Each structure stands twice: as structure tokens, then as C-alpha cells.
Amino acid sequence: MNPGNLDAALVVLTGASSGIGRAAAHAFARQGARLVLAARDAEALAESADECRALGAEVLVVPTDVTHGDEVEALASAAAEFGQGRIDVWINNAGIGAVGAFDETPLDAHEQVVQTDLLGYLRGAHAVLPYFKQQQRGVLINTLSVGSWVPQPFAVAYSASKFGLRGLSQALRGELGAWPGIHICDVYPGVVDTPGFRDGANYAGRSLQPPPPLLDPRQVADAMVSLALHPRHTTSVGATATLLRLAHFLTPGFDRINGLLMRFALGRARRVPTSSGNLFHPALGQRRIDGGWRTEPAVDRRWLLIGGVAAGLVGVCLCLARRR
């Protein structure tokens, strides 16, 4: 990979069939990168690949389930062959979620979330690091979320996974100090408008709607391109991510308040059948970048209240700083 540009760089991207992953595939294609796209849904991957080829990119499609270590190893091997022995950027992005009371959500659902959202990333890192070490350089980008800092009641396995990813990245950075050309980068978006809210598992039995304000997935994709070009440990996308992280840090009992507000929001939502969603198989709905939620006028009072609390705390801190 040439310094300052991604022309002909070999980029591997998991979760490339929809949402942030599909947007990232387009973004890297526009930069002239050679792409290896992975996800469970072979048909959606083929569509994503065709879109990237239309943008001028060379693309290899490798259907991959990141819950299986042998498939992730095969992905790395195929990518290295496609890149003539080189892998420049690896993006761990595949993710799923399950919403519902912890003890009312089946144990295998919790385990599947952790297998994908935490162990899937660990498998990706384990597969690519030997290539990075051999070539003395490489960029590993992990898609985390504001949920890596702010616990998500009624999505316990997701929270456990995202908190665990922070530890994974930090430990790897400490271990890789002897390889200054290898970079471990984390991207922390706020709530993103993707099909994930439609496709994920719902054991709450209530309709789910992402809280505004929602990010365009393309903003997260642009942040990934920036990290590939100019690696740094962490980057946040969207003011909401920073605001919520600050609110959690400054507000006593934030986790309890968040749980009460979430319970209130779910209690007011309309009843729907429970579903395992895309936990154990690819989603059945149309695969695309956007979830279509940004056109919805409804506002989630829970998140407005949290945002108001955070803004108030920021104001108090600024006033105290000035007085000091």
C-alpha cells in the first residue's frame, strides 16, 4: 500500500452484504482499493461486489460465517492469494444483535451474539496478524459502537461483546509494540441507520425503532477510509457517541436510569411476535446500505432525555471550570 493513498491496496471486509459494510465497500472501491468481501449471504455479497465493480474496483467474493474459525482462516488465505501474498487492511465489521430481557432471551441467542460480535473479531485478528507480521505492516480496523462505553440494557450479550472488543484492541496494541507498522484501530459510531434494527433478533415482543439522531452509514465508511489512510487508535463518529459516553461517565446511576427508560420505551411500543431474526441465518429482507429509519418522524423520548441530561452535565462542567 502506497503511503497516502489506497490505490491497489488489498482490503478485506467482513459483514459486506449490507449496512456499514456495504457502504464501506463502496467507499474503498472509490479509493481504488482491491476488495475481498465476506458475509454469510452469498447473493447479497454478489450484488455488493457488482456495485463495487461498477465503481472500478477489482473484487473477490468469499462467503464467510465468522462464527467458524476455519471459514475465517480460509478467507485470509483467499485474500492473500488474491493480493499476491499481501493483505493491507482487514476490517472486522460483521455483527448481529438480540433485544430482550436477559433471562427471557434464549441462551443460544446470547451465545450466537458473542460468537459473532466478539469471537468473530478475535478470529479475524488471529487470521490476519501472521500476514501483517510477515510484511511488517498492516491496518486492522474494528467496528465497535457507543455501546462499547455505554451499557445497553435489554441487549446484554451485545454490550458484553462490545466491551470485550475494547479489551481485545487494547491488549493487541500492547502486544504489538515491536511492530510499529501494524496498527489496531477502533471506530465508535453512534446509532446508525442500517437494516440491522429490522433484521436483528427480537425477544422483547415489542416493535423496535432506533433512537434519533441517526447516522448515515456512509459517514462510518468514510471514517474507516480515513483510518486506513491515517491509522490512529480510536475515532468516534457522530456527536451522539461522544455525548452519551460523557453522560455515562458523569452521571451517577446512569446504567439504572438507562434501564428504566428503555423499559418504559419498550412498554409503550406495539406488540409484535418474537423472532430470532438473522442470528442463525442470513436476513430474509432486502439487503441494502440504509435502514430507512431516518425518514421516520417519531422521536424516542428516552434518548432525548439522555441527551438533555448529557448536555446539562456538560454545561455544569464548563461552568465549574470557569469558576475555578
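Everything quoted here is computed from the prediction, not taken from an experiment.

Trainee: Could you give me a rundown of the packing of aromatic side chains, with the residues and numbers involved?
Mentor: Counted under the stated rule, the structure contains 1 aromatic pair. A centroid spacing of 5.9 Å and a plane angle of 45° characterise the contact between tryptophan 149 and tyrosine 188, whose relative ring orientation is tilted. With tryptophan 149 in the loop between strand 6 (138–143) and helix 5 (156–175) and tyrosine 188 in strand 7 (residues 182–189), this pair connects stretches of sequence that are 39 residues apart. Given a relative accessible area of 3%, tyrosine 188 falls into the buried group. Cation over ring: arginine 166 sits above tryptophan 149, and NZ or CZ is 3.6 Å from the ring centre.

Trainee: Break down the side chain of threonine 64 for me, with residues and values.
Mentor: Within the secondary structure layout, threonine 64 lies in the loop between strand 3 (59–61) and helix 3 (69–82). Residue threonine 64 is classed as buried on the basis of its relative accessible area, which comes to 5%. One polar contact links the side chain of threonine 64 to the main-chain carbonyl oxygen of valine 62, over a distance of 2.8 Å. Not counting the four nearest positions on each side in its chain, threonine 64 is found in contact with Ala38, Ala39, Arg40, Glu71, Val72 and Leu75.

Trainee: Account for the sheet that holds strand 2 (residues 34–38), with residues named and values stated.
Mentor: One open sheet holds the 7 strands; their spatial order is 3-2-1-4-6-7-9, and the pairing between them is parallel. Strands at the two margins of the open sheet, each flanked by one partner only, are strand 3 and strand 9 (234–237). This sheet shows a mean twist of 15° between the axes of neighbouring strands, independent of strand direction. Bridge count for strand 4 (residues 89–92) against strand 6 is 4 bridges, and the pairing is parallel. Bridging across to strand 6, asparagine 92 finds its partner in asparagine 142.

Trainee: Tell me about the UniProt feature "domain: Ketoreductase" (unreviewed entry) in the chain, and name the residues and values.
Mentor: Within this structure's numbering, the places UniProt gives as "domain: Ketoreductase" (unreviewed entry) are residues 9–152. This span, residues 9–152, is 47% helix and 17% strand, and a straight line between its end C-alpha atoms measures 36 Å.

Trainee: Tell me about unusual backbone geometry, residues and numbers included.
Mentor: The phi dihedral of glutamine 136 is positive, around 70°, even though this residue is not glycine. Non-glycine residue phenylalanine 154 carries a positive phi angle of around 70°. Within the secondary structure, phenylalanine 154 sits in the loop between strand 6 and helix 5.

Trainee: With reference to specific residues and values, describe the environment of aspartate 216.
Mentor: Residue position: aspartate 216 is located in the loop between strand 8 (201–202) and helix 7 (217–229). Along the backbone, aspartate 216 and aspartate 290 are 74 residues apart, and their C-alpha atoms lie at a distance of 7.5 Å. If we skip the residues at most four places from it in the chain, aspartate 216 touches Val192, Asp290 and Arg294. There is a polar contact of 2.8 Å between the side chain of aspartate 216 and the side chain of arginine 218.

Trainee: Residue-level account of the pattern of salt bridges, with values.
Mentor: Under the definition given, this model contains 12 salt bridges. The shortest N-O distance in the salt bridge between arginine 53 and aspartate 50 comes to 3.1 Å. In this pair, arginine 53 and aspartate 50 both sit in helix 2 (residues 42–54), 3 residues apart, roughly one turn of the helix. A relative accessible area of 40% places arginine 53 in the partly exposed class. Salt bridges sharing common partners tie together Asp41, Arg198, Asp199 and Arg287.

Reading guide: rules and limits
Residues numbered from 1 in each chain as written. Predicted model: local features only at pLDDT ≥ 70, side-chain atom pairs only at ≥ 80, totals over all residues. Heavy atoms only, no water. Phe/Tyr/Trp six-rings, centres within 6.5 Å; stacked < 30°, edge-to-face > 60°. Helix = DSSP H or I, 4+ residues; strand = E, 2+ residues; numbered from the N terminus. Buried < 20%, exposed > 50% of the residue type's maximum accessible area, 1.4 Å probe, protein only. Lys NZ or Arg CZ within 6 Å of the ring centre and 35° of its normal. Polar contact = N/O pair within 3.5 Å; in protein donor to acceptor, adjacent residues only side chain to side chain. Contact = heavy atoms within 4.5 Å. Pairing = 2+ DSSP bridges. Axes fitted to C-alpha atoms, helices over the stretch in contact; angles between N-to-C directions. UniProt positions renumbered as here; feature names shortened; annotations may be inferred. Salt bridge = Lys/Arg side-chain N within 4 Å of Asp/Glu carboxyl O.

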